[in-house]
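# Reading the structure
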Amino acid sequence: MSGSTQRFDAVIIGAGFAGMYMLYRMREMGLYVRVFEAGGDVGGTWYWNRYPGARCDIESMEYSYQFSDELQQEWDWTERYAAQPEILSYAQHVADRFDLRDDIQFNTRVESAHFDEAGDVWRVTTSDGETATARYVVAATGCLSVPNEPDIPGSDSFEGEVYHTGRWPHETVDFSGKRVAVIGTGSSAIQAIPLIAEQAAHLTVHQRTPNFSIPARNGPLDPELQRRIKARYADLRERNKKMGFGFGARHPQNQGFVMEMSAEEREEWFERFWNNGGLTFGLAFGDMIIDKEANDVAAEFVKRKIRERIEDPAVADKLMPTSTFFCKRLCADTDYFETYNRDNVTLVDVNEDPIETITATGIRTASGEESYDCIVFATGFDAMTGALTRMDIRGVDGLALKDKWQAGPKTYLGLETSGFPNLFMIPGPGSPSVLTNMLPSIEQHVDFIADCMAYMDEHNLKRIDADPDAEEAWVEHVNEVADTTLYPSCNSWYLGANIPGKARVFLPLLGFPEYVEKCNEVAANGYQGFRLS
Ligand code: N01
């Protein structure tokens, strides 16, 4: 096929949950579509993140598609929080059920997409030398799909096994009898560390920032609960759409404020959420992320609970989070802190004992060298913009997306960026995305885009581009909303702060229901804020 050009109505980049549903909708509209997917199968993040313990910390009954009632009725989940293999099986089931694979070209990476102004088409080139043209390009490239590989001196010299949680091999990795180092203590590490520690002869964790984590309280999903939810599934889905983060309507909620309660009342309330487990703790009080005093009270409660889980007070001191509570993505764990009570686990604080270099046989820190058989990088991702700016995307006048976004991404509604007509993102920076349950956010985006395409056809329109003024106002709005909260007060990947040299800009928009309302209003007003021609 090398050297050939194929013509499509639309090219979709990525066959994760966003790309699959976009394909489904476009096919229903009669469009001729090709999906290019770098991986060997569907599933996106769940195809790549296969590390031990990988699971979703949104509940299974909520982290699933709702566009097809037959699908949501026929699929049975086995655990409160589904593990990666089960979510991947679900994605594969969806691909089979709707015959999606016929239009997906696997093991094919999109290298570039250039807009041809004369013909109003995108010219897309792929890693296997093919060219495709399409009226629309939809980048369904994921928010957390480009691994962050920190530039640690000597990284290439290590002769043992090297893994990254975001690019885990498909073969079984056996740590039995091995000396293992993990770098990083974010969500991925917090899930992987307890299981690696159970296998390894010795595990050393290199921690840069201690994290807040709430026990997930995972377990088998009660079939009776599943039956009850399915009996009124639409109702739960609708109620979730009104939740600030798009999930959790089934759980206790407190619309009240920490500081308005007596110490006893708030303790009782926190305890209730702590026992409920996982990210639902974030629903405990409305002011935890806007009021520093309230935040400190919540942080103290969680720190006290963490301390109770760790036997050695000196180790507990090192594990005590120092940042604003909830400001980095909250983690959910199973036995994470208890893992540091094991004799075969050592915690190294890189602020006290920095990594100087990786050597052929291990890691040298300021205090000396340790030898390892395996190093696991749990160092996260170039979030939200990485997958987009790494492709050579050029819009009107040959403007490169990575140049336009040098000082931070600019989008209108997180769906389009001006100067790049007919190029949609699911979900782009400036949309609620990672601050929500991703599945309903993806479905909302796909439905918006599909409806927009139908509108364009009805009105005989060829181009849709974000209006630069609407875009500026939107970027300002996203930042204004973030600035009313404590989110910008720590070095999180939400701000791009984990990637050296990346512009420090708050990437997602806070507030799912308000965002959906805004999108509905834009569509009802003839796609206000977009230029249609
Ligand atoms: O990545 P992270 P992740 N030297 O960026 C450290 C989603 N997710 O893959 O905090 C030493 O959170 C870094 O330190 P610091 C979820 O949204 C979801 O764990 O930057 N350390 C941090 O400790 C999550 O938030 C699920 O100071 C270095 C760690 O590496 C997102 O993915 C499961 C370093 C990276 O943590 C990303 O999570 C897993 C260096 N040079 C993930 N560079 C579920 O739904 C980085 N670090 C369950």
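Residues numbered from 1 in each chain as written. Predicted model: local features only at pLDDT ≥ 70, side-chain atom pairs only at ≥ 80, totals over all residues. Heavy atoms only, no water.

Under the counting rule described, the total for this entry stands at 1 disulfide. In this model Cys 327 forms its disulfide with Cys 490; the gap between the sulfur atoms is 2.1 Å. Between Cys 327 and Cys 490, the S-S dihedral sits near -120°, and the bridge is therefore left-handed. Here the residue Cys 327 occupies a position in the loop between helix H10 (313–319) and strand S11 (331–333), and Cys 490 occupies one in the loop between helix H14 (468–483) and helix H15 (512–524), the gap between them amounting to 163 residues. You'll find Cys 327 and Cys 490 in the same group, each marked buried. (Disulfide = S-S within 2.5 Å. Helix = DSSP H or I, 4+ residues; strand = E, 2+ residues; numbered from the N terminus. Buried < 20%, exposed > 50% of the residue type's maximum accessible area, 1.4 Å probe, protein only.)

This part is about the pattern of salt bridges. This structure, assessed with the given rule, holds 36 salt bridges. The salt bridge partner of Arg 227 is Glu 224, with a shortest N-O separation of 2.8 Å. Of this pair, Arg 227 and Glu 224 both sit in helix H6 (residues 223–231), separated by 3 residues, roughly a single helical turn. Look at Glu 224 and you get partly exposed, because its relative accessible area is 34%. The structure contains a network of salt bridges with shared partners spanning Arg 25, Glu 28, Asp 447 and Asp 451. (Salt bridge = Lys/Arg side-chain N within 4 Å of Asp/Glu carboxyl O.)

Strand order in the open sheet formed by 3 strands is S13-S14-S15, and the pairing between neighbours is antiparallel. Pairing within the sheet leaves two strands with one partner each, and these edge strands are strand S13 (355–358) and strand S15 (368–371). Averaged over all pairs of adjacent strands, the angle between their axes in this sheet comes to 20°, without regard to strand direction. The sheet contact formed by strand S14 (residues 362–365) and S15 spans 4 bridges and is antiparallel. By the bridge assignment for S15, Thr 365 is matched with Gly 368. (Pairing = 2+ DSSP bridges. Axes fitted to C-alpha atoms, helices over the stretch in contact; angles between N-to-C directions.)

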